[in-house]
Amino acid sequence: MEAETQEALIAALRLQLDWGVDEALDAEPHDRAARLPERPEAPAARAPFPAPGSSPAPLRAQPQLLPASLAGTRAQALAAGADSLPALREAMAQFEGSPLKETAMNLVFADGVAESGLMFIGEAPGADEDRLGRPFVGVSGQLLDRMLASVGLSRERDFYITNILPFRPPGNRTPTDAEIALFLPFILRHIELARPRLLVLLGGVSAKALLRSREGITRLRGRWHQVTTNEEQALPALATLHPAYLLRTPTAKREAWNDLLMLRRKIDGKD
Ligand code: URA
């Protein structure tokens, strides 16, 4: 390859990185589960590249993505069967109903203090969270930690934090409605097992999914709502803006600050 062409190609790749392109993907998400037949034949796969001269490797079935029609029922059964937070984490790791698991590096379960009585729920892991297996550890998580510190709340002591989806959607795209519905049994069970007294819903995806609302976050934020779990627990839930939105729209920090003051008052029993 000519040096000039090579330089131009490298410059074009650098430009894409500057624009935030970190995955090679199509513009639209693929619903890979929809293309599978109802009852797929489990292909028996050989372990790849057996050593020369070794006896044939035993045949072994690869984990198969469940057909979409079965995935929802399986998610409900796995979530309902979990009787502790570690069991729920294990059940989510076992779940073969979403192609997101194939593209993610890690399952991102939760962080903070489960027994604190205060639970934050965001949207889905980003690249940093996926790499480290912990929610809200990237720039938006760091902003959130600083904002919460300003009302006296620390992740090490005062709250528990998780997401609607445990796997990063490739390229950080917004989760589809189908993905949110598929993982809903897990987050509802997560709430039941953590038994918080208060919930905070970070951003539109979390608020709409748990409040079963079609309203946008700008309408839902700044108010206490109720989230009802499958065990009919009704929990006070404050909807607020997502920290990633605040990074893009710093002028909205004023509203977020008001929401945090509402939360502080509620924690202090003044509301
Ligand atoms: N955004 C989220 O909603 N969750 C994370 O864990 C990180 C960024």
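Just above sits the structure.
Residues numbered from 1 in each chain as written. Predicted model: local features only at pLDDT ≥ 70, side-chain atom pairs only at ≥ 80, totals over all residues. Heavy atoms only, no water.

Another point: the site of the ligand. Gly122, Glu123, Ala124, Pro125, Glu129, Pro135, Phe136, Ser140, Asn163 and His242 make up every residue found near the ligand. Ala124 is positioned with one of its backbone polar atoms (N or O) 3.0 Å from a nitrogen atom of the ligand. Contact between the ligand and Phe136: an oxygen atom at 2.9 Å from a main-chain N or O atom of the residue. Calculation on the ligand without its partners gives an accessible area of 240 Å², and the protein chains cover 93% of this total. The cavity where the ligand resides is the largest pocket. (Near = heavy atom within 4 Å. Polar contact = N/O pair within 3.5 Å; in protein donor to acceptor, adjacent residues only side chain to side chain. Areas by Shrake-Rupley, 256 points an atom, 1.4 Å probe, with all protein chains shown as cover. 1 Å grid on protein atoms, 1.4 Å probe; cavity = no way out; pocket = protein on both sides within 12 Å on 5 of 7 lines; lining within 4 Å. Sits in = over half its atoms within 2 Å of the grid points.)

The final tally for this structure, using the stated rule, is two cavities of 30 Å³ or more. Roughly 60 Å³ of volume is contained in the largest cavity. Lining the largest cavity we find Phe120, Leu144, Met147, Val200, Leu202, Thr240, Leu241, Pro243, Leu246, Ala256 and Leu260. Among the secondary structure elements, those contributing two or more residues to the lining of the largest cavity are helix H6 (139-149), strand E6 (198-202), helix H10 (243-248) and helix H11 (253-267). Residues belonging to the lining of the largest cavity are distributed by class as follows: ten nonpolar, one polar and no charged. Its volume calculated, the second largest cavity comes out at about 50 Å³. Lining the second largest cavity, in full, are Met92, Val108, Phe109, Thr162, Asn163, Ile164, Leu165, Pro166, Phe183, Phe186, Ile187 and His190. Every element with two or more residues in the lining of the second largest cavity is listed here: strand E5 (160-163) and helix H7 (177-194). Looking at the lining of the second largest cavity, the element that brings in the most residues is H7, giving four residues. Tallied by class, residues from the lining of the second largest cavity come to nine nonpolar, three polar and no charged. (Points joined across faces, edges and corners; volume = space filled by probe spheres on them. Helix = DSSP H or I, 4+ residues; strand = E, 2+ residues; numbered from the N terminus. Nonpolar A, V, L, I, M, F, W, Y, C, P; charged D, E, K, R; others polar.)

Formed by 66 residues in total, the largest nonpolar core has its most connected members in Phe120, Ile121, Phe186, Leu199, Leu201, Leu210 and Leu263. If you tally residues by element for this core, the top one is H7, at nine residues. Setting aside chain neighbours within four positions, we find Leu263 in contact with Leu118, Phe120, Leu153, Leu198, Val200, Trp224 and Leu238. (Core = buried A, V, L, I, M, F, W, Y, C linked by side-chain atoms within 4.5 Å. Buried < 20%, exposed > 50% of the residue type's maximum accessible area, 1.4 Å probe, protein only. Contact = heavy atoms within 4.5 Å.)

So, about the layout of surface pockets. Of the volumes computed, that of the largest pocket is approximately 650 Å³. Together, 27 residues line the largest pocket, and Glu123, Ser140, His242, Ala244 and Arg248 are the ones closest to its centre. Of all the elements in the fold, those that place two or more residues in the lining of the largest pocket are helix H5 (127-132), H6, helix H8 (204-211) and H10. The leading source of residues in the lining of the largest pocket is H10, at four residues.

This part takes up the packing of aromatic side chains. The geometry of an aromatic ring pair comes down to the distance between the two centres and the angle between the two planes. A full pass over the atoms with the stated rule returns five aromatic pairs. Relative to Phe183, the ring of Phe95 lies with its centre 5.8 Å away and its plane at 85°, an arrangement referred to as edge-to-face. Of this pair, Phe95 sits in the loop between helix H3 (85-94) and helix H4 (100-103) while Phe183 sits in helix H7, and the two are 88 residues apart along the sequence. What makes Phe95 buried here is its relative accessible area of 1%. Consider the rings of Phe183 and Phe186, whose centres lie 6.1 Å apart with planes at 40°: the pair is tilted. One end of the pair, Phe183, and the other, Phe186, are both in helix H7, three residues apart, so they sit about a helical turn from each other. Phe186 sits in the buried class, given a relative accessible area of 1%. Through pairs of rings, three or more aromatic residues link up here, namely Phe95, Phe167, Phe183 and Phe186. Across from the ring centre of Trp224, 4.9 Å away, lies the NZ or CZ of Lys266, which sits over that ring. (Phe/Tyr/Trp six-rings, centres within 6.5 Å; stacked < 30°, edge-to-face > 60°. Lys NZ or Arg CZ within 6 Å of the ring centre and 35° of its normal.)

Attention now moves to the sheet that holds E5. The strands making up a sheet associate through hydrogen bonds between their backbones, and the pairing can be parallel or antiparallel. Across the sheet, six strands lie side by side as E3-E5-E4-E6-E8-E7; this open sheet has mixed pairing. Two strands in the sheet have a free side with no partner beyond their single neighbour: strand E3 (111-112) and strand E7 (224-228). Here strand E4 (residues 118-122) runs beside E6; their pairing, made up of four bridges, is parallel. Within the sheet, the bridge partner assigned to Phe120 lies in E6 and is Val200. (Pairing = 2+ DSSP bridges.)

The next point concerns the pattern of salt bridges. Taken as a whole, this structure holds 14 salt bridges when the rule is applied. Across the salt bridge formed by Arg189 and Glu231, the nearest N and O atoms sit 3.2 Å from each other. Taken as a pair, Arg189 in helix H7 and Glu231 in the loop between E7 and strand E8 (234-240) lie far apart in primary sequence, 42 residues in all. With relative accessibility at 42%, the residue Glu231 sits in the partly exposed group. Arg221 is the partner of Asp259 in a salt bridge, and the nearest nitrogen-oxygen pair spans 2.7 Å. (Salt bridge = Lys/Arg side-chain N within 4 Å of Asp/Glu carboxyl O.)

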